[in-house]
Amino acid sequence: MQTYLLSQQFNSGSLAENSTACPANATICNGASCVLPGDNFNEILSIALSTVLTIMLALVMFSMGCNVELQKFWGHIKRPWGIFVGFLCQFGIMPLTAFLLSLAFDVLPIQAVVVLIMGCCPGGTASNVIAYWVEGDMDLSISMTTCSTLFAMGMMPLCLFLYTKTWTDSNAIVLPYDSIGISLVALVIPISLGMYVKHKWPSKAKIILKVGSIAGAVLIVIIAVVGGILYRGSWIISPKLWIIGTIFPAAGYSLGFLLARVAGLPWHRCRTVSLETGMQNTQLCTTIVQLSFSPEELELMFTFPLIYSIFQLLFALLILIGYRVYRRHRIKTKTDVEKTEEKEDSKSTSSHAQINGGFVSNETK
């Protein structure tokens, strides 16, 4: 446990009068100089947060699996055009965008590296929840998240080797393969159980899905809020990283959607690929950063994953709101057009009947 030295000067008279000058939780006291245990608030909160979020995330992924049909999911695996497009976005567009942003803003080498690490991470699980709310292709969303996490085992070292040469030796970056493996297991097992429930009890799966989608939205908010509290002492960071943290997720969403559309995917799959591209696994990025750099280096860029996480959620919320407004307007317009066509058809039938001396049926009145 880290400790720090708290030194205070007391005269001998005050020490005699107050024998409890040293705090009660001091481990070593020599007169008025006491060694106190360090503040482990962040460490305790991090452990508690990780435990709770892992359980909640597994439950949310279980509910998302209840919306996946095995035949459609297997269809994406057998004909992986959508997965391939997502792969190009995840390990092609995002690392390249991170590299170009780092060059454009001329950030410090250590800051450029953390931006590149974020760009090389696989897709985050929050994308599955948002994809559900924007009526994306859930089968494609979950297969992309699973495959990108699996491919990250090999693609992350490759991308970091290619792009970090400009600033540092890629061997200095520690990749937590155990964390990637845990993320993969946390995806596959709950989703598989959800798919089984969907196949066995479709009516119950619908109820679980509704509850899980709401719980997933709440979980995303909790992660953002608690993350801000957890890293309360790390908000002093270069303005350039704030700007990159704003631009980067927006570029991921936009370029992912554009490439999916150019590849000929339908609109609902374009939305899915867009979300899978822009929403990164920020928890994995934080773990890599903590394992790879010293405390002095962390001060320069440790908060960047949290900044990216906040803005990727904000932009995802804007996408969700924009889609819901568009969908409501489209349905309203479509309904108005159908009503107008029905009235015109009714008038046309009535007029035709009158001209030809026929009768008007009750259906057209």
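Residues numbered from 1 in each chain as written. Predicted model: local features only at pLDDT ≥ 70, side-chain atom pairs only at ≥ 80, totals over all residues. Heavy atoms only, no water.

What follows is about empty space enclosed by the protein. In this approach the atoms are scanned with a rolling probe the size of a water molecule, which exposes any empty space left behind. Counted by the stated rule, this structure contains two cavities of 30 Å³ or more. Lining the largest cavity are Ile83, Gly86, Phe87, Gln90, Met144, Cys147, Ser148, Phe151 and Glu276. Sorting the residues of the lining of the largest cavity by element identifies helix 4 (81-105) and helix 7 (138-163) as the ones contributing at least two each. A per-class count over the lining of the largest cavity returns five nonpolar, three polar and one charged. (1 Å grid on protein atoms, 1.4 Å probe; cavity = no way out; pocket = protein on both sides within 12 Å on 5 of 7 lines; lining within 4 Å. Points joined across faces, edges and corners; volume = space filled by probe spheres on them. Helix = DSSP H or I, 4+ residues; strand = E, 2+ residues; numbered from the N terminus. Nonpolar A, V, L, I, M, F, W, Y, C, P; charged D, E, K, R; others polar.)

Take the pattern of salt bridges next. Pairing between side chains of opposite charge can happen when their charged atoms approach one another. All told, the structure shown has two salt bridges when counted by the stated rule. For Glu135, the salt bridge is made with Arg327, and the minimal N-O distance between the two is 3.0 Å. On the criterion of sequence distance, the pair formed by Glu135 in the loop between helix 6 (126-133) and helix 7 and Arg327 in helix 14 (residues 304-355) is long-range, its members being 192 residues apart. In this structure, Asp137 and Arg269 form a salt bridge, with 2.8 Å as the shortest nitrogen-oxygen distance. Pair noted here: Asp137 is in the loop between helix 6 and helix 7 and Arg269 is in helix 11 (residues 267-278), with a separation of 132 residues, a long-range link. Judged by its relative accessible area of 7%, Asp137 falls in the buried class. The class for Arg269 is partly exposed, based on a relative accessible area of 28%. (Salt bridge = Lys/Arg side-chain N within 4 Å of Asp/Glu carboxyl O. Buried < 20%, exposed > 50% of the residue type's maximum accessible area, 1.4 Å probe, protein only.)

This part covers the nonpolar core. In this structure, Ile117, Met156, Phe248 and Val289 are the most contacted members of the largest nonpolar core, which totals 42 residues. Within the residue set of this core, elements represented by two or more residues are helix 4, helix 5 (109-120), helix 7, helix 10 (239-262), helix 12 (282-292), helix 13 (295-301) and helix 14. In terms of residue count, helix 5 provides more of this core than any other element does, nine residues in total. If sequence neighbours within four positions are ignored, Met156 has contacts with Cys120, Cys121, Pro122, Leu175, Ile180, Leu284 and Ile288. (Core = buried A, V, L, I, M, F, W, Y, C linked by side-chain atoms within 4.5 Å. Contact = heavy atoms within 4.5 Å.)

What follows concerns helix 3 (residues 70-78). What helix 3 keeps buried is the set Phe73, Gly75 and His76. Buried residues of helix 3, viewed axially, fall in a sector of 155 degrees; they line one side. Of the exposed residues in helix 3, the ones pointing more than 90 degrees away from its buried face are Leu70, Gln71 and Lys78. Residues of helix 3 that are buried in the fold lie against helix 4, helix 7, helix 8 (177-200) and helix 11. (Arc of directions from axis to C-beta.)

A few words now on a nonpolar patch on the surface. A surface patch of nonpolar side chains, amounting to about 330 Å² of accessible area, comprises Val185, Val188, Ile189 and Leu193. Within the secondary structure, Leu193 is located in helix 8. (Patch = residues over 30% accessible without salt bridge, like charges linked within 9 Å, V, L, I, M, F, W, Y side chains within 5 Å. Areas by Shrake-Rupley, 256 points an atom, 1.4 Å probe, with all protein chains shown as cover.)

Its 26 residues place the ends of helix 7 only 32 Å apart at the C-alpha level, less than the 38 Å of an ideal helix rising 1.5 Å per residue. Taken as a whole, helix 7 carries its principal kink of about 55 degrees at Ala152. (Expected span 1.5 Å × (residues − 1). Bend = angle between axes of the 7 residues up to and from the residue.)

Inspection of the entire model under this criterion finds eight aromatic pairs. A ring pair is formed by Phe99 and Tyr163, whose centres lie 5.4 Å apart and whose planes are at 50 degrees; its orientation type is tilted. Of this pair, Phe99 sits in helix 4 while Tyr163 sits in helix 7, placing them 64 residues apart in sequence. There is no split in this pair, since Phe99 and Tyr163 are both buried. Each member of the aromatic cluster is reached from another via a ring pair, and the members are Phe87, Phe91 and Phe151. (Phe/Tyr/Trp six-rings, centres within 6.5 Å; stacked < 30°, edge-to-face > 60°.)

What follows concerns the environment of Thr97. Secondary-structure assignment places Thr97 in helix 4. With near-sequence residues (within four places) excluded, Thr97 lies in contact with Phe248, Ala251 and Leu255.

What follows is about the UniProt feature "transmembrane region" (unreviewed entry) in the protein chain. In the numbering used here, UniProt assigns the feature "transmembrane region" (unreviewed entry) to residues 44-63, 83-105, 112-134, 140-163, 175-195, 207-229, 241-260 and 306-326. With 74% helix and 0% strand, the stretch residues 112-134 has end C-alpha atoms that lie 33 Å from each other. End C-alpha to end C-alpha, residues 175-195 measures 31 Å, and it is 90% helix and 0% strand. (UniProt positions renumbered as here; feature names shortened; annotations may be inferred.)

Time to look at unusual backbone geometry. Look at Asp106: it is not a glycine, yet its phi comes out positive at around 50 degrees. Structurally, Asp106 can be placed in the loop between helix 4 and helix 5. The backbone of Glu135 shows a phi angle near 55 degrees, a positive value even though the residue is not glycine.

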